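Residue-level structural notes
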Amino acid sequence: MLGAGTAGVCLLALASSALESRAEELQDIAEHTAHAILRSCDDPWEPRIGSVFLRERPSSEGVKLVDLLVRVRRGLEAGQHALHIHETGECSPCSAAKGHFDPGPNSNSSPDGNHPFHAGDLINLTVDDNGQGNLLTTTSRVTLSEGPLSVFDEDGSAFIVHVNPDTYCPDGEEAGCAGGARAACGIIRSH
Ligand SMILES: [Cu+2]
């Protein structure tokens, strides 16, 4: 028969192994965070106009989900703005971010050509009359951790906020349907 002391030790061992696995889980999550500082495309010397925080977490099925918290504080006109992950981690100039992030065997990063089917396509960001915009959204199309959908591929990735809203191109290929000119850019950096 086990004494009270042995049971206590067992409980302690259980509790500490649960704690350890929780700590590992948290560390895992913490390893997969990233951020981007958004800067104006018109004036690259303009200080940051906003930021994006990214966090990868597993869904209940173990699918990798990435939460994105976008905050804009100034520099953008009121209204809706297309927001995408673009395929290259370069913002000088904003066109250096190239097309929409779309890895994979059938990759087609053409902004209007394969929209809204790119892996990097997101939803519109709304900016209010005070120039403030906040968006919390989740995507399963990209990952921060290693893998075929990782934004941290050889040449990295960047966020682009566009001047106009994304219409999601319901009529197929149509110039400007993915938001037109580029308003802001931010290189995605891992923590
Ligand atoms: Cu874009």
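Residues numbered from 1 in each chain as written. Predicted model: local features only at pLDDT ≥ 70, side-chain atom pairs only at ≥ 80, totals over all residues. Heavy atoms only, no water.

1. Re the state of the cysteines
Within this structure, the stated rule accounts for three disulfides. With its sulfur 2.1 Å from that of its partner, C41 forms a disulfide with C94. Its torsion about the S-S bond being -100°, the disulfide of C41 and C94 is classed as left-handed. Taken as a pair, C41 in the loop between strand 1 (33-40) and strand 2 (50-58) and C94 in the loop between strand 5 (83-86) and strand 6 (125-127) lie far apart in primary sequence, 53 residues in all. We note that C41, like C94, is buried. Paired through a disulfide, C169 and C177 show a sulfur-sulfur distance of 2.0 Å. (Disulfide = S-S within 2.5 Å. Helix = DSSP H or I, 4+ residues; strand = E, 2+ residues; numbered from the N terminus. Buried < 20%, exposed > 50% of the residue type's maximum accessible area, 1.4 Å probe, protein only.)

2. A few points about the coordination of the copper ion
Taken together, the protein ligands of the copper ion are H84 (ND1), H86 (NE2) and H162 (NE2), with distances of 2.0 Å. Spacing between the donor residues of the copper ion along the chain follows H-x1-H-x75-H. Here the residue H86 occupies a position in strand 5, and H162 occupies one in strand 8 (residues 158-162), the gap between them amounting to 76 residues. Of the residues examined, H162 reaches a relative accessible area of 4% and is grouped as buried. (Donors = N, O, S within 2.8 Å, 3.2 Å for Na, K, Ca; no water.)

3. Structural notes on the pattern of salt bridges
Side chains bearing opposite charge may pair, as long as their charged atoms lie close to each other. By the definition in use, this model includes two salt bridges. Between R57 and D67 there is a salt bridge whose closest N-O contact spans 2.7 Å. One end of the pair, R57, is in strand 2; the other, D67, is in strand 3 (residues 64-72), with 10 residues separating them in the sequence. On the basis of relative accessible area, D67 is assigned to the buried category, the value being 10%. It is possible to trace a salt-bridge network through shared partners that takes in R55, R57 and D67. (Salt bridge = Lys/Arg side-chain N within 4 Å of Asp/Glu carboxyl O.)

4. A look at the pairing of strand 3
As defined by bridge partners, strand 2 adjoins strand 3 across nine bridges and the pair is classed as antiparallel. By the bridge assignment for strand 3, E56 is matched with V66. When strand 3 meets strand 7 (residues 133-139), the two strands line up antiparallel, connected through seven bridges. Bridging from a neighbouring strand, V70 pairs with L135 of strand 7. (Pairing = 2+ DSSP bridges.)

5. As for the layout of surface pockets
Considered as a void within the structure, the largest pocket measures approximately 260 Å³ in volume. Only strand 1 and strand 9 (182-187) provide two or more residues apiece to the lining of the largest pocket. It is strand 1 that provides the largest number of residues to the lining of the largest pocket, a total of five residues. The residue inventory of the lining of the largest pocket, partitioned by class, reads nine nonpolar, four polar and two charged. (1 Å grid on protein atoms, 1.4 Å probe; cavity = no way out; pocket = protein on both sides within 12 Å on 5 of 7 lines; lining within 4 Å. Points joined across faces, edges and corners; volume = space filled by probe spheres on them. Nonpolar A, V, L, I, M, F, W, Y, C, P; charged D, E, K, R; others polar.)

6. Here we look at a negative patch on the surface
On the surface, E90, D153, E154 and D155 cluster together into a patch of negative charge. Relative to the helices and strands, D153 is located in the loop between strand 7 and strand 8. Residue D153 is classed as partly exposed on the basis of its relative accessible area, which comes to 33%. (Patch = residues over 30% accessible without salt bridge, like charges linked within 9 Å, V, L, I, M, F, W, Y side chains within 5 Å. Areas by Shrake-Rupley, 256 points an atom, 1.4 Å probe, with all protein chains shown as cover. Lys, Arg positive; Asp, Glu negative; His and termini not counted. Charge placed at Lys NZ, Arg CZ, Asp CG, Glu CD.)

7. Points about the nonpolar core
Grouped together as the largest cluster of nonpolar side chains are 27 residues, with contacts concentrated most on L54 and F159. Listed by contribution, the elements that provide at least two residues to this core are strand 1, strand 2, strand 3, strand 5, strand 6, strand 8 and strand 9. Looking at this core element by element, the count peaks at four residues for strand 3. Beyond its immediate sequence surroundings of up to four residues, L54 is in contact with H32, T33, A34, H35, V66, D67, L68, L144, F159 and I188. Core analysis: the second largest hydrophobic core is formed by seven residues, C91, C94, A97 and A158 among them. (Core = buried A, V, L, I, M, F, W, Y, C linked by side-chain atoms within 4.5 Å. Contact = heavy atoms within 4.5 Å.)

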